[in-house]
Amino acid sequence: MTAQTGAQAGDEQVPQDGQAPQYVYGVTRADASLPDGATGLDGKPVSLIVHGPCAAVVSDLPQGRPLGERADLIAHQGVLTALIGEGTTVLPFRFGAALTGRQAVQDELLATGGERFGEILDALQGRVELRLKGSYVQDTVLREVMAGDPQIAELSARLRSIPEDAADAAYYDRVRLGEMISQALQQRRDAEGQQLLERLAPGAEAVVARVPAREEDVVDASFLVRADAREQFEKSVAELGEAVADRIKLRLVGPLPPYDFIPDN
Amino acid sequence: MSGPIAQQTSGSNTVQRGGSGGGLADVIDLILEKGLVIDLYARVSLVGIEILTIDVRIVVASVDTYLRFAEAVNRLDIAHDGTSQGLPQFLGDAQESGAKKKTRGALEGAQERLKETFGSGDDDDKDDEKKTPARRRSRKEDDE
C-alpha cells in the first residue's frame, strides 16, 4: 500500500478497477448479505469486503469534492438503516471513514480489528437501538411553573402590566424571569426525565441518556432492545406516551444502528 | 438507497415516530459523533479526503433563551387566574412583539448557518416548529 496520505481528493490519477479509495459505512458479519441494489454516497454501489469473521460495508469514495453535504450524511445513514431493516446487525462507523482501497480495508481494518469487531457484533447480535426524545408541551408546563413558584408568577404579572413604551426598561427583568423559568424547567426535567427512563429501562438491555439539547426537552435517551422484545418496548413507550400526553410529547426514533452501544476503544 | 434514514415502525397516536417526520435531525449527532472510528484500530493509509467541518449544535445565547421563555409565559392565556384580562392582555401582546424580534433574529441566524451547511433548510425541531410548517413538510422529500 503506497502512502497517499495528504493527497487531495481531486488530484489523484484515475483509479484502476478495485483500486478506488473506499468509504466505510460499517462492519457486519462475514455471512451477512446486502439489500439488493444498495447504494451509498453519490449513488455508488455498496459492497462487502470479507475477511475472517467480519465484513466491511463499503462503496467507492466520491472523488474531487469534500464530504459532508446533507446528502452524504443521509447516504451514510441510509446504507446502515437498510441493513438494520433486514435484521442485519451492523456496527456503524462514524461519518467520514475511508481507506485507500479494497486491499487496505482488508489488511488495515479487518485484519487488525476483526477480532474486536467480532466480539462487539456478538454482543449486539439481534439488538437494535431505539432513541426516545421527549419535550414538554410548553404552555402546560409553563403554567405549572408559574403556579408552583410565587416569585415567577409575581414577576410575570408585573411584566405584563408594563406598558409597551416602557418595555425596554424592563429588559433585565424579562431576562431574569426567563432565567427563573429556565431553572425551574431544569429541575423538573431532571426529575421527570429520570422517571421516564425508569419506566422504560426494564424493557431494554441498556440505556444511554444524554443531556437534552433544548431546555424544554425532558428526555433524550437511547435504548438497546432485543429484536424479539421490540414490540413490547414500543408498546410500553406508547402507553407511557398516552399517560403523559397532556404534558410531554414523546418521539421514538429507530430502529437505528447501535451507535450508542459500541464500547469505547 | 431511498428509504427513510430513520425507519418508521408501528406507531401510536400519542408517540410520534421518527421515520416520518424526524429525518436527519434526529440522528445527525449520532452520525457525526458516535460510531467506530477507523484510526483507533489501524494505522491506516487514510485517503486524503477532506471532511467539511460541521457543527450541528445550534447555540443560542442563554439570554435569548431566557427572553424566549419570558415571552412564552407572557403569551400564555392567563385569564383563568383572574388577575389579567382585557387591556393588560392586549398590552402583553404588543410587548411581546418587541421581544420576539430579537429572539427570532437569533434563532433564524442559527438556522441560516445550518442552511449553508446542508444546502437545503435543515429545519429540525431544535427551535421554531410553528414558524416553518411548509418547510417541515417539504423536508420529507429531501430525506428520501
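Conventions we followed
- Residues numbered from 1 in each chain as written.
- Chains lettered and ligands numbered in written order.
- Predicted model: local features only at pLDDT ≥ 70, side-chain atom pairs only at ≥ 80, totals over all residues.
- Heavy atoms only, no water.
- UniProt positions renumbered as here; feature names shortened; annotations may be inferred.
- Helix = DSSP H or I, 4+ residues; strand = E, 2+ residues; numbered from the N terminus.
- Buried < 20%, exposed > 50% of the residue type's maximum accessible area, 1.4 Å probe, protein only.
- Pairing = 2+ DSSP bridges.

The name given to chain B in an unreviewed UniProt entry is Gas vesicle protein A, with the source organism recorded as Actinomadura macrotermitis. Per its UniProt entry, chain B bears the Sequence similarities (unreviewed entry) comment "Belongs to the gas vesicle GvpA family." Under Subunit (unreviewed entry), UniProt gives the following word-for-word description of chain B: "The gas vesicle shell is 2 nm thick and consists of a single layer of this protein. It forms helical ribs nearly perpendicular to the long axis of the vesicle."

Under an unreviewed UniProt entry, the name given to chain A is GvpL/GvpF family gas vesicle protein, and the organism recorded is Actinomadura macrotermitis. Listed in UniProt under the heading Subcellular location (unreviewed entry), the comment for chain A reads: "Gas vesicle". Quoted verbatim from the Sequence similarities (unreviewed entry) field of the UniProt record, the comment on chain A reads "Belongs to the gas vesicle GvpF/GvpL family."

**As for the environment of glutamine 186 of chain A**
Residues and elements named next belong to chain A. By the secondary structure assignment, glutamine 186 is in helix α5 (residues 171-200). In this structure glutamine 186 comes out as partly exposed when scored by relative accessible area, which is 35%. In this structure, the C-alpha to C-alpha distance between glutamine 186 and glutamate 215, residues 29 residues apart in sequence, is 6.9 Å.

**Concerning the pairing of strand β9 (residues 248-256) of chain A**
Within β9 of chain A, eight of the nine residues are buried, leaving the element largely enclosed by the surrounding structure. Looking at chain direction, strand β6 (residues 127-136) of chain A and β9 of chain A are connected through seven bridges and run antiparallel. Pairing of leucine 132 of chain A across the sheet is with leucine 252 of chain A, part of β9 of chain A. Of the strand pairs in this sheet, β9 of chain A and strand β1 (residues 16-17) of chain B are connected by two bridges, and their pairing is parallel. Along β1 of chain B, the bridge assignment pairs leucine 252 of chain A with arginine 17 of chain B.

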